[in-house]
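Secondary and tertiary structure notes
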Amino acid sequence: MKTARAVADLAAGLALVGVLFGCATAAGRDRSDARLAADVRGRLAAAGLKNVAAWDIAARDGKVYVVGTAGSQMEEMRAESIVRQTPGVRRAYPMLLVGPYVWTEPPR
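Residues numbered from 1 in each chain as written. Predicted model: local features only at pLDDT ≥ 70, side-chain atom pairs only at ≥ 80, totals over all residues. Heavy atoms only, no water.

Turning our attention to the overall build of the protein chain. The helix and strand inventory of the protein chain stands at two helices and three strands. Across the protein chain, helices and strands are ordered from the amino to the carboxyl terminus as α-β-β-α-β. Partitioning the intrachain contacts of the protein chain with sequence separation of at least 6 by distance along the chain shows that 61% fall at a separation of at least 24. Accessible area of the protein chain: about 7900 Å², with a carbon and sulfur share of 62%. (Helix = DSSP H or I, 4+ residues; strand = E, 2+ residues; numbered from the N terminus. Contact = heavy atoms within 4.5 Å. Areas by Shrake-Rupley, 256 points an atom, 1.4 Å probe, with all protein chains shown as cover.)

What follows concerns the confidence of the model for the protein chain. Residues shown with low pLDDT carry predicted positions that ought not to be read at fine detail. Residues with a pLDDT of 70 or more make up 64% of the protein chain, whose mean pLDDT is 77. In this model residues 6–25 is a low-confidence stretch, pLDDT under 50, and it forms zero contacts with partners more than four residues away in sequence or in other chains. (pLDDT = per-residue confidence, 0-100.)

Structural data, given as structure tokens:
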């Protein structure tokens, strides 16, 4: 009888640890994602890239997405290199258009 109770207590304890660990991991990952995006933005700004403030930068599980407009092809290539070299980045998805794009109506 004592053995059954001890096994039940152990199982309950392990289940609780699993739940808490899982929640802590998810919360930690979200914090890490936000921190990684902030680190990437800081490195890009420190490099003197002009349009960084207007770029959307997001991170998820070590994957970093950068969306915006670069002033030149050199700026686009430099941004991509900086993102890839940032610690914690496992994969970079730079989606930067080069040049000042303005939507206009097509000719009729």
